[in-house]
Amino acid sequence: MKNFYIFIAVLFIPWSSSLAKYDEFEDGDDIMEYDDNDFAEFEDVSEDTVTESPQRIITTEDDEEEATVELEGQDENQEDFDDTDTQEGDTESEPYDDEEFEGYEEKPDASHSKNKDPITIVNVPAHLQNSWESYYMEILMVTGLLAYIMNYIIGKNKNNRLAHAWFNTHRELLESNFALVGDDGTNKEATSTGKLNQENEHIYNLWCSGRVCCEGMLIQLKFLKRQDLLNVLARMMRPASDQVQIKVTMNDEDMDTYVFAVGTRKALVRLQKEMQDLSEFCSDKPKSGAKYGLPESLAILSEMGEVTEGMMDAKMIHFLTHYADKIESVQFSDQFSGPKLMQEEGQLTKLPETKKTLLFTFNVPGSGNTSPKDMESLLPLMSMVIYSIDKAKKFRLNREGKQKADKNRARVEENFLKLTHVQRQEAAQSRREEKKRAEKERIMNEEDPEKQRRLEEAALRREQKKLEKKQMKMKQIKVKAM
Amino acid sequence: RSPLPLARYKPPATETNPALEDPTPDYMNLLGMVFSMCGLMLKLKWCAWIAVYCSFISFANSRSSEDTKQMMSSFMLSISAVVMSYLQNPQPMSPPW
């Protein structure tokens, strides 16, 4: 609305100036009419004076016509003047009346304004006004764009600084634990680049490898999108924090079969819905961690109670309680296959591939307003990760636990097979048909009639064999039933 | 804890499907192109300006694996939409209220 008022005010200035101009023109026009008709003798004079200034013309002509002005009364003249508005035909008496009044500057203005009321005053179009103010919307837009670009540069730099601060604090620990720190997959040989891999303006990756028990560790620094102004504004409504996601891929022989997760209740509920393995193996709702001495904010999702018991040793509890505010979720799983894939019914023919993994998601403190110093507080969490790797290797289920685990897995597989049974049948059927068709085609394409005959005979024999086999099976079943 | 034997591969190989995780740059790209075509065809100035914004947002959110050509083409298209709208009609943009 403010802009609207400014706009109106801005328009008022040129409008009033144009109004004055039109007054002059209109007076000139009126005078021109009367001059042509009645003041032929004064034509030259009137033409010259008209171009200069209409007001001066009025006074000079009045001087000339003073005699005629004094003769008639003003009221009559006003009436005549009004008549002239309506009747254009009248010639001699009217122009005198006009000029009588033109000497009086107030009255002419009043009469002129009476005359001019029906005429609308045209707004000078904005682009002809030649002022920058009329382009205020464009200026606003360009300012917005500049603000966006500024924010992009600032946000990008901040994310960059945060990433490098994190890396500098963690570099030592990582280098002491892993042979290969930093790799971007482009070199043929496995050499440490010692640098973060920038995937995006807000995502940085780091691949570490070369440690006993684990195949490798992928660390993803998922920062907030500080480079996008829209995101910054959205975050003012809904605060969020930077996240550090660590995914450790374990060697097959180094981890036993269990599925276990610890984290904030919200995160666990979400993970249970999203993650394939958690939804299949951990059927219960997340239990409170208070039983094991964890703070109330943390909850546990586990395949079996035994796993929880085994995982929650003193050191782990120490880690979890001290850094509970920074932990979003911790997931150990031997059946990890990522989030549930939204596939159509007909496409599921095989169980998704699983990998033994440990997943950690940490929140960087500061919930958005992080500074590079906050990265130091994440260092103990990395030690927790390393400890967990060793623990996962050491932890073995006892016999009961193993049996339960195996049963669970078998159950899951069976369910899956049942679901896809129909699809697999259809797939097998279609494959058989394809084979038959291919055979027939071959027989048809065979030019040599002899070969054709032989192939046909071979096909017939095969079919007969199959029929016989089927009949045998049926007989056997019948016998068994009996 | 020392690095001992295995100096494994490099992969990261990473993301199964980055498009699934954050479709913003693709949406913004598409929106930008739609708006710039609207602005050009219907001679609407505000469409063209929104197209410029969309292409900027798409650029800011883009992944490193994305084609710069795509970004540049949508950016150029939106700029051309703005320029063409102003050449055809030099009047300043009128606010919609």
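Residues numbered from 1 in each chain as written. Chains lettered and ligands numbered in written order. Predicted model: local features only at pLDDT ≥ 70, side-chain atom pairs only at ≥ 80, totals over all residues. Heavy atoms only, no water.

- Per an unreviewed UniProt entry, chain B goes by PAT complex subunit Asterix and derives from Callaeas wilsoni.
- As recorded by UniProt, the Subcellular location (unreviewed entry) comment attached to chain B reads in full: "Membrane".
- Within the UniProt record for chain B, the comment given under Sequence similarities (unreviewed entry) is "Belongs to the Asterix family." (UniProt positions renumbered as here; feature names shortened; annotations may be inferred.)

- Under the annotation held in an unreviewed UniProt entry, chain A carries the name PAT complex subunit CCDC47 and is attributed to Callaeas wilsoni.
- UniProt's Subcellular location (unreviewed entry) comment on chain A is quoted here verbatim: "Rough endoplasmic reticulum membrane".
- Of chain A, the UniProt comment under Sequence similarities (unreviewed entry) reads exactly: "Belongs to the CCDC47 family."

Looking at the overall build of chain B
Right, on to step 1. Each helix and strand counted, chain B has 4 helices and 0 strands in total.
Right, on to step 2. When the elements of chain B are put in sequence order from the N terminus, they spell out α-α-α-α.
Right, on to step 3. Here chain B, with 97 residues, has 36% of them falling under the buried criterion.
Right, on to step 4. The long-range fraction of contacts in chain B, counting pairs at least 24 apart against all pairs at least 6 apart in sequence, stands at 67%.
Right, on to step 5. Summing over all exposed atoms, chain B offers an accessible surface of approximately 5,700 Å²; the carbon and sulfur share of this is 68%. (Helix = DSSP H or I, 4+ residues; strand = E, 2+ residues; numbered from the N terminus. Buried < 20%, exposed > 50% of the residue type's maximum accessible area, 1.4 Å probe, protein only. Contact = heavy atoms within 4.5 Å. Areas by Shrake-Rupley, 256 points an atom, 1.4 Å probe, with all protein chains shown as cover.)

Some words on the pattern of salt bridges
Residue and element names in this part refer to chain A.
Right, on to step 1. Enumeration according to the criterion identifies 13 salt bridges over all chains in this entry.
Right, on to step 2. Where glutamate 439 meets arginine 462, a salt bridge forms, and the shortest distance between an N and an O atom there is 2.4 Å. Within this pair, whereas glutamate 439 is found in helix α16 (residues 399–445), its partner arginine 462 is found in helix α17 (residues 449–481), the two being separated by 23 residues in sequence.
Right, on to step 3. Each of Asp256, Lys402 and Asp406 takes part in salt bridges that share partners, so that together they form one network. (Salt bridge = Lys/Arg side-chain N within 4 Å of Asp/Glu carboxyl O.)

Quick look at the packing of aromatic side chains
Any two aromatic rings considered together are summarised by their centre-to-centre distance and by the angle between their planes.
Right, on to step 1. Under the counting rule described, the total for this entry stands at 11 aromatic pairs over all chains.
Right, on to step 2. For the pair A:Tyr148 and B:Phe56, a centre-to-centre distance of 6.3 Å together with 75 degrees between the ring planes defines the contact as edge-to-face. Of this pair, A:Tyr148 sits in helix α9 (residues 136–177) while B:Phe56 sits in helix α3 (residues 45–61), on two different chains. Comparing A:Tyr148 with B:Phe56, the two get one shared label, buried.
Right, on to step 3. Ring centres 6.0 Å apart and planes at 65 degrees place the aromatic pair A:Phe332 and A:Phe360 in the edge-to-face group. Here A:Phe332, found in strand β9 (residues 327–336), pairs with A:Phe360, found in strand β10 (residues 355–363); they are 28 residues apart in sequence, far enough to count as distant.
Right, on to step 4. Overall, the relative accessible area of 0% leaves A:Phe332 in the buried class. (Phe/Tyr/Trp six-rings, centres within 6.5 Å; stacked < 30°, edge-to-face > 60°.)

Looking at the side chain of A:Glu328
Residues and elements named next belong to chain A.
Right, on to step 1. Its location among the elements puts glutamate 328 in strand β9.
Right, on to step 2. Polar side-chain contacts of glutamate 328 include one of 3.4 Å to the side chain of arginine 270.
Right, on to step 3. Ignoring any residue separated from it by four or fewer positions in sequence, one finds glutamate 328 in contact with Gln243, Gly263, Thr264, Ala267, Arg270, Thr361, Phe362 and Asn363. (Polar contact = N/O pair within 3.5 Å; in protein donor to acceptor, adjacent residues only side chain to side chain.)

Concerning the environment of A:Glu199
Residue and element names in this part refer to chain A.
Right, on to step 1. Among the structural elements, glutamate 199 can be located in the loop between β2 (197–198) and β3 (203–209).
Right, on to step 2. Given the relative accessible area of 16%, glutamate 199 is considered buried.
Right, on to step 3. Each C-alpha atom, one on glutamate 199 and one on leucine 221, is 10.0 Å from the other, the two residues being 22 residues apart in sequence.
Right, on to step 4. A polar contact of 2.8 Å, which involves the side chain of glutamate 199, links it to the side chain of asparagine 205.

Re the nonpolar core
Residues and elements named next belong to chain A.
Right, on to step 1. Formed by 60 residues in total, the largest nonpolar core has its most connected members in Trp166, Leu174, Met217, Ile246, Val248, Phe332 and Phe360.
Right, on to step 2. If you tally residues by element for this core, the top one is helix α15 (residues 379–394), at 8 residues.
Right, on to step 3. For phenylalanine 332, the residues in contact, after removing those within four places along its chain, are Met255, Tyr258, Val259, Phe260, Met311, Met316, Thr357, Leu358, Phe360 and Ser388. (Core = buried A, V, L, I, M, F, W, Y, C linked by side-chain atoms within 4.5 Å.)

Some points on unusual backbone geometry
Right, on to step 1. Positive phi is not limited to glycine here, since B:Lys43 has a value of about 55 degrees.
Right, on to step 2. Topologically, B:Lys43 is positioned in the loop between α2 (24–42) and α3.

Remarks on a nonpolar patch on the surface
Right, on to step 1. Among the surface-exposed residues, A:Val142, A:Leu146, A:Ile149 and A:Ile153 lie close enough to one another that they form a single nonpolar patch of about 320 Å² accessible area.
Right, on to step 2. Counting through the fold element by element, A:Ile149 comes out in helix α9. (Patch = residues over 30% accessible without salt bridge, like charges linked within 9 Å, V, L, I, M, F, W, Y side chains within 5 Å.)

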